[in-house]
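Descriptive structure summary
Chain by chain, the residues run as shown.
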Amino acid sequence: MTIEIYVSTDIETDGPIPGPHSMLSIASAAYTADKQLVATFTANLETLPEAQGHPKTMSWWSEQSDAWAACRVNPQPPAQAMQSYHSWLMALPGKPIFVGYPAVFDFMFVYWYLMTFVGDSPFKHSALDIRSYAMAFLKKNYSESGKDNLPAAWLENLPLAHVALDDAIQQGRLFCNLLQANLEH
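A brief structural summary. (Residues numbered from 1 in each chain as written. Predicted model: local features only at pLDDT ≥ 70, side-chain atom pairs only at ≥ 80, totals over all residues. Heavy atoms only, no water.)

Focus on the pairing of strand S1 (residues 4-13)
A regular strand places its side chains so that they alternate between the two faces of the sheet. Counting buried positions along S1 yields nine of 10 residues, so the element is predominantly enclosed. Bridging between S1 and strand S2 (residues 23-31) involves eight bridges; their strand directions are antiparallel. By the bridge assignment for S2, Thr 13 is matched with Met 23. (Buried < 20%, exposed > 50% of the residue type's maximum accessible area, 1.4 Å probe, protein only. Helix = DSSP H or I, 4+ residues; strand = E, 2+ residues; numbered from the N terminus. Pairing = 2+ DSSP bridges.)

In structure tokens form, the structure reads like this:
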């Protein structure tokens, strides 16, 4: 049986969908089920040539100056960044499983960028959403399964920084804590 590597991924963007808007930063923290951090990846990306920042998103960014500055340091061409990311994923010591919070948003961008610039996604068409997993485990409604309602021990008092690598690590630890609680239950 192939070991699963849980690839907690966080991105920063300048709008709600890929193509008209750009992924500004991507980061992943790869964990084993027992919460061992295997490797990390991070890259800032140049914006897409035809894309523009969405007014609402750019307004939000205007209030996040430190996070904005972090995602604009040394941006790489998207093709270069995504090829490096793909190579990193393929070198992991097991099957990469995409993990996100929310997975639908992050996965949409990552998948689009991988298919556009590499032509392949090691994740195939699958993504694991932390909040949905918490909902099922806690037997609560979706609206009652956000971070504000999770056990404090799962969150480990790690702040959400809106810096992709910091957030990927934080969300990966949260996921591993939830996974362990589920396996021990």
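Details of the packing of aromatic side chains
Applying the stated criterion across every chain, the model contains 15 aromatic pairs. Ring centres of Phe 107 and Tyr 111 lie 5.5 Å apart, and the angle between their planes is 25°; this geometry places the pair in the stacked category. In this pair, Phe 107 and Tyr 111 are both assigned in helix H4 (residues 103-117), four residues apart and thus about one turn of the helix distant. Looking at Tyr 111, the relative accessible area reads 23%, which means it is partly exposed. An aromatic cluster of three or more residues is present, and its members are Phe 98, Phe 107, Tyr 111 and Phe 123. The ring of Trp 68 carries the charged tip of Arg 72 above its face, separated from the ring centre by 5.9 Å. (Phe/Tyr/Trp six-rings, centres within 6.5 Å; stacked < 30°, edge-to-face > 60°. Lys NZ or Arg CZ within 6 Å of the ring centre and 35° of its normal.)

A word on the side chain of His 21
Assignment of secondary structure puts His 21 in the loop between S1 and S2. A relative accessible area of 10% places His 21 in the buried class. In this structure the side chain of His 21 is engaged in a polar contact, spanning 2.7 Å, whose partner is the backbone oxygen of Gln 52. If we skip the residues at most four places from it in the chain, His 21 touches Asp 14, Gly 15, Pro 16, Leu 48, Ala 51, Gln 52, Gly 53, His 54, Phe 109 and Tyr 113. (Polar contact = N/O pair within 3.5 Å; in protein donor to acceptor, adjacent residues only side chain to side chain. Contact = heavy atoms within 4.5 Å.)

Considerations on the packing of helix H5 (residues 130-138) against helix H7 (residues 164-184)
Between two packed helices, the angle of one axis relative to the other and the distance separating the axes together describe the packing. In contact at an axis separation of 11 Å, H5 and H7 are set at 25° when each is read in the N-to-C sense. As far as their axial angle goes, H7 and H5 are roughly parallel. As H5 runs across H7, the sense of the crossing is left-handed. Here Ile 130, Tyr 133, Ala 134 and Phe 137 of H5 lie close against H7, whose contacting residues are Gln 171, Leu 174, Phe 175, Leu 178, Leu 179, Ala 181 and Asn 182. Broken down by class, the residue content of the contact of H5 with H7 amounts to nine nonpolar, two polar and no charged. (Axes fitted to C-alpha atoms, helices over the stretch in contact; angles between N-to-C directions. Parallel < 35°, antiparallel > 145°, perpendicular 65-115°, else oblique. Left-handed = near helix turned anticlockwise from the far one by under 90°. Nonpolar A, V, L, I, M, F, W, Y, C, P; charged D, E, K, R; others polar.)

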